[in-house]
Amino acid sequence: MKLFSFLGILMLTSLLGTAQMTPKGLAVNSKAPGFSAMDQNGKSVSLDGLLKKGPVVIVFYRGQWCPYCNKQLSQLEDSVALINAKGATLVAVSPEQPENINKTVSKTNATYPILFDDGLKIMNAYDVAFKVDDNTIERYKKYGIDFDKANGSNGANLPVPAVYIIDKNGNITFTYFNPDYKERASVKEILTHL
C-alpha cells in the first residue's frame, strides 16, 4: 500500500511539474512586465521608454530559421506604418543570439526593434517560454537547426509565438497566444485592437 501511495505521489508531482512548465501567457487587463534589452543595432530598448511614445505591440518569435516567423515579421514590416499611424510602436522578441537576429532582419527587412532576450527574462515574464522536448530537438537537428548554436546560453527554449498590445498605462489590452506555431495574429487583428 505504501508503494502505491508513493508511486501516486510521484506521478502527481511529475504531472504538476509538467503543468507548471507549460506557458499560459498573460491575460488582458494584466499589468505588462517591464523589460530592457538590446536591439539589432546595439541600442537598449525598454518598455518604459516605448510607452512614453504610446501603445506597444510586442511580438514573440522563434527564430530566423522559422518560415512562419519570417512571414509574420515581413507582414508586420509591410504594415509598420499603419501601426505607427495608430501611435503605437512595434517590437519583436527572440531567444536567438544577435548574429541570428541580424539574419532575421536580412530575411524580413524589419526596421522595428528586434530584441535579444538574453536569459529568457522577457519570455518568462510574459509566460511564453517553453523548453523544447528531446524528440523535437533531434528532429530539428536533421534540418540543420541547432538550438544551442542559434540561441547560445538560452539553449533549447522557444516562445509560443504570441502578441501582446500594451496601452500607454502599461496594461495589456490584447493578447494572441496560440501554441500552434503555424497560426499567427494577423496585421488586421492587431490594427483592430490598437
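As shown above, the structure is provided for reference.
This structure is a prediction, so every number in the text was calculated from the model and none was measured.

Undergrad: Can you walk me through the nonpolar core in this structure?
TA: Across soluble globular proteins, you tend to see nonpolar side chains buried next to one another. Counting 33 residues, the largest nonpolar core has Val57, Leu76, Leu90, Tyr112, Phe147 and Val163 as the members making the most contacts within it. Those residues in contact with Val57 that lie beyond four places of it in its chain are Ile83, Ala88, Thr89, Leu90, Val91, Val163, Tyr164, Ile165, Ile190 and Leu194. Residues Val56, Leu115, Leu120 and Ile122 belong to the second largest nonpolar core, which totals 23 residues.

Undergrad: Could you clarify how one ought to interpret the layout of surface pockets in this entry?
TA: Vacant regions in the atomic arrangement are exposed by a probe of water-molecule size rolled over the atoms. Each pocket or cavity is described by its volume, and for the largest pocket that value is around 210 Å³. With three residues, strand β2 (residues 44-46) is the single largest residue contributor to the lining of the largest pocket.

Undergrad: Explain helix α7 (residues 134-141) to me, please; I cannot follow it from the model alone.
TA: Working note: α-helix, 3.6 residues per turn, so residues spaced by three or four point in the same direction. Turning to α7, its buried residues are Thr136, Ile137 and Tyr140. The arc that holds the buried residues of α7, viewed along the axis, is 105°, so those residues lie on one side. Projecting away from the buried face of α7 at angles above 90 degrees are the exposed residues Asp134 and Asn135. Buried residues along α7 sit in contact with α8 (147-151).

Undergrad: Can you help me understand unusual backbone geometry in this one?
TA: Glycine aside, the phi torsion of most residues is negative, and most peptide linkages are trans. Notably, Asn29 is not glycine yet its phi reads approximately 80°, a positive angle. With respect to the secondary-structure elements, Asn29 resides in the loop between α1 (2-21) and β1 (36-38). A positive phi angle, close to 60°, is found at Leu120, a residue other than glycine. Its place among the elements puts Leu120 in the loop between β5 (114-116) and α6 (121-125).

Undergrad: Just to check I follow, could you spell out the sheet that holds strand β9 (residues 172-177) for this structure?
TA: Adjacent strands of a sheet pair through backbone hydrogen bonds, lying either parallel or antiparallel. Taken together, the five strands give an open sheet; going across it, the order is β5-β4-β3-β8-β9, and neighbouring strands pair in mixed fashion. Every interior strand has two partners, whereas the edge strands, β5 and β9, have only one. Ignoring which end each strand starts from, the neighbouring axes of this sheet average 20° apart. With five bridges joining them, strand β3 (residues 56-60) and strand β4 (residues 89-94) adopt parallel strand pairing. Across the sheet, Ile58 pairs through a bridge with Val91, a residue of β4. Across the sheet, helix α3 (residues 67-78) is in contact with β3, β4 and β8 (162-166); its angle to β3 comes to roughly 160°.

Undergrad: Mind showing me how you'd approach the packing of aromatic side chains here?
TA: We describe a pair of aromatic rings using the distance from one ring centre to the other and the angle between the two ring planes. Taken as a whole and assessed by the stated rule, the structure comprises eight aromatic pairs. Note on Phe35 and Tyr126: the rings are 6.3 Å apart at their centroids and 70° apart in plane angle, and the pair reads as edge-to-face. Taken as a pair, Phe35 in the loop between α1 and β1 and Tyr126 in the loop between α6 and β6 (129-131) lie far apart in primary sequence, 91 residues in all. Residue class for Phe35 comes out buried when judged on its relative accessible area of 8%. Aromatic side chains Phe60 and Tyr164 sit 6.1 Å apart centroid to centroid with 90° between the ring planes, which places their arrangement in the edge-to-face category. One end of the pair, Phe60, is in strand β3; the other, Tyr164, is in strand β8, with 104 residues separating them in the sequence.

Calculation notes
- Numbers given to residues run from 1 along each chain, matching the order in which its sequence is written.
- Where totals are concerned, whole chains, interfaces and linings use all residues; where local detail is concerned, this predicted model gives features only for residues with pLDDT of at least 70, and gives and counts side-chain atom pairs only at 80 or more.
- Excluding hydrogens and water, the side-chain values take into account all heavy atoms of the structure.
- Grouping buried Ala, Val, Leu, Ile, Met, Phe, Trp, Tyr and Cys residues that are joined through side-chain atoms within 4.5 Å yields what is termed a nonpolar core.
- Throughout, exposure labels follow a simple rule: accessible area from a 1.4 Å probe, protein chains only, divided by the maximum for the residue type, with under 20% read as buried, over 50% as exposed, and the rest as partly exposed.
- Here, two residues are considered to be in contact whenever any of their heavy atoms come within 4.5 Å of each other.
- Definitions used throughout: a 1 Å grid over protein atoms alone; a cavity as a set of points that fits a 1.4 Å probe which cannot get out; a pocket as an open set with protein on both sides within 12 Å along at least five of seven lines; a lining residue as one with an atom within 4 Å of a point.
- Grid points are joined across faces, edges and corners, and a volume is the space filled by probe spheres set on the points.
- Helix and strand definitions follow DSSP, with helices as H or I runs of at least four residues and strands as E runs of at least two, each counted in order from the N terminus.
- Think of the arc as the fan of directions from the helix axis to the C-beta atoms.
- The rule for pairing is simple: two strands pair if DSSP sees at least two bridges between them.
- Note on definitions: angles span 0 to 180 degrees between N-to-C directions of axes, and those axes are lines fitted to C-alpha atoms, for helices only across the stretch in contact.
- The criterion for an aromatic pair is that two Phe, Tyr or Trp rings (for Trp, the six-membered ring) have centres within 6.5 Å, with stacked assigned to planes under 30 degrees apart, edge-to-face to planes over 60 apart and tilted to the rest.

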